[in-house]
Amino acid sequence: GENVEQHPSTLSVQEGDSAVIKCTYSDSASNYFPWYKQELGKRPQLIIDIRSNVGEKKDQRIAVTLNKTAKHFSLHITETQPEDSAVYFCAASNGAGGTSYGKLTFGQGTILTVHP
Amino acid sequence: NAGVTQTPKFRVLKTGQSMTLLCAQDMNHEYMYWYRQDPGMGLRLIHYSVGEGTTAKGEVPDGYNVSRLKKQNFLLGLESAAPSQTSVYFCASRTPGRGGQPQHFGDGTRLSIL
């Protein structure tokens, strides 16, 4: 089955700096890669996702890059703010159907702390 | 439009007791999932369903059973609770579709087994 490794496990930055979180996956059939943000005691919320037919996607201060050859993808947050502090999870899925049924395999999570 | 609703939000059980967690979604989604979240381990898939009347095992199914009698509801049961099942449980749903579709999560159920 799929295996997703996420690094680093904790990340501390100063407000205004950039933050980068990296994930690697094992199943070359995976083609859908969402990122979730989870604040303390809350539900995971989708912040951005990317499909395998593109190499990069941006949404304001957030961007995700995908390297299918190397089987890794990264989340980039620019101009970080204290409200960006949360746990971030990457995930991978074979979203094309068949017997995968969109099951997500999650990374272990990264605790991001943005200091004012 | 409430999205995905989980009940209860908190529960404390004694070892050996049984209980059912309810997940309800009002988005007409075909696919539904149950995850457990433990510190440092991300979310792990317990069971999932791809339609009314169907269920399948995920990564960590032992000790749990599920049922999907109605399209909008997905129930997770613990027949004989064990301390190792202390966790936060999340339900999610999504629409079928090629190319990947986002999963929408409920607020979670925090379960403690004493």
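Heads up: the structure comes first, above all this text.
Here goes a summary of the coordinates provided.

All names here are of chain A. With the rule as written, the count across this model stands at two disulfides over all chains. Note on cysteine connectivity: Cys23 is disulfide-linked to Cys90, with sulfurs 1.9 Å apart. Measuring the twist about the S-S bond at about -100°, one finds the Cys23-Cys90 disulfide to be left-handed. Note that Cys23 is positioned in strand β3 (residues 19-25) and Cys90 in strand β9 (residues 86-92), a separation of 67 residues in sequence. An identical accessibility class is assigned to Cys23 and Cys90; each is buried.

Residue and element names in this part refer to chain B. Read from one edge to the other, the open sheet built from four strands follows the order β1-β3-β8-β7, with strand pairing classed as antiparallel. If you trace the sheet from one side to the other, it starts and ends with β1 (4-7) and β7 (64-67), each paired once. Taken over all neighbouring pairs, the strand axes of this sheet differ in orientation by 20° on average, direction set aside. The pairing of β7 with strand β8 (residues 73-78) spans four bridges and is classified as antiparallel. Along β8, the bridge assignment pairs Tyr64 with Leu78.

What follows deals with the interface of chain A and chain B. Chain A puts 20 residues into the contact, and the matching count from chain B is 24 residues. Each partner contributes to the roughly 1900 Å² buried at the junction of chain A and chain B, and carbon and sulfur atoms together form 52% of this total. Considering only the surface of chain A that becomes buried against chain B, A:Arg43, A:Tyr101 and A:Phe106 emerge as the three largest contributors, covering 31% of it. Counting across the interface, chain A meets chain B through one salt bridge. When the shortest N-O distance is used, the salt bridge between A:Arg43 and B:Asp107 registers 2.7 Å. Scanning the region where chain A abuts chain B turns up five residue pairs in polar contact (both at pLDDT 80 or more).

With that out of the way, let us pick up the packing of aromatic side chains. Residue and element names in this part refer to chain A. Applying the stated criterion across every chain yields a total of 14 aromatic pairs over all chains. Where Tyr25 meets Phe33, the ring centres are 4.8 Å apart and the plane angle is 45°; that geometry is what we call tilted. Judged by its relative accessible area of 5%, Tyr25 falls in the buried class. Given a relative accessible area of 0%, Phe33 falls into the buried group. Ring centres of Phe89 and Phe106 lie 6.4 Å apart, and the angle between their planes is 85°; this geometry places the pair in the edge-to-face category.

The next thing to look at is the pairing of strand β9 (residues 87-94) of chain B. On a regular strand, one side chain projects to one face of the sheet and the next to the other, so that they alternate. Residue and element names in this part refer to chain B. In terms of burial, β9 is largely enclosed, as eight of its eight residues are buried. Judged by which residues are buried, β9 turns out to be covered on both faces: Ser87, Tyr89, Cys91 and Ser93 on one side and Val88, Phe90, Ala92 and Arg94 on the other are all buried. Relative to β9, strand β4 (residues 31-37) runs antiparallel, the two being bridged by seven bridges. For Gln37, the partnering residue across the bridge sits in β9 and is Val88. Across three bridges, β9 lies against strand β11 (residues 109-113) in antiparallel orientation. The residue bridging Ser87 from the neighbouring strand is Leu111, located in β11. The pairing of β9 with strand β10 (residues 104-105) spans two bridges and is classified as antiparallel. Each bridged residue has a counterpart across the sheet, and for Ser93 the counterpart in β10 is His104.

Rules of the game
- Residues numbered from 1 in each chain as written.
- Chains lettered and ligands numbered in written order.
- Predicted model: local features only at pLDDT ≥ 70, side-chain atom pairs only at ≥ 80, totals over all residues.
- Heavy atoms only, no water.
- Disulfide = S-S within 2.5 Å.
- Helix = DSSP H or I, 4+ residues; strand = E, 2+ residues; numbered from the N terminus.
- Buried < 20%, exposed > 50% of the residue type's maximum accessible area, 1.4 Å probe, protein only.
- Pairing = 2+ DSSP bridges.
- Axes fitted to C-alpha atoms, helices over the stretch in contact; angles between N-to-C directions.
- Contact = heavy atoms within 4.5 Å.
- Buried area = accessible area lost by both parts, 1.4 Å probe.
- Salt bridge = Lys/Arg side-chain N within 4 Å of Asp/Glu carboxyl O.
- Polar contact = N/O pair within 3.5 Å; in protein donor to acceptor, adjacent residues only side chain to side chain.
- Phe/Tyr/Trp six-rings, centres within 6.5 Å; stacked < 30°, edge-to-face > 60°.

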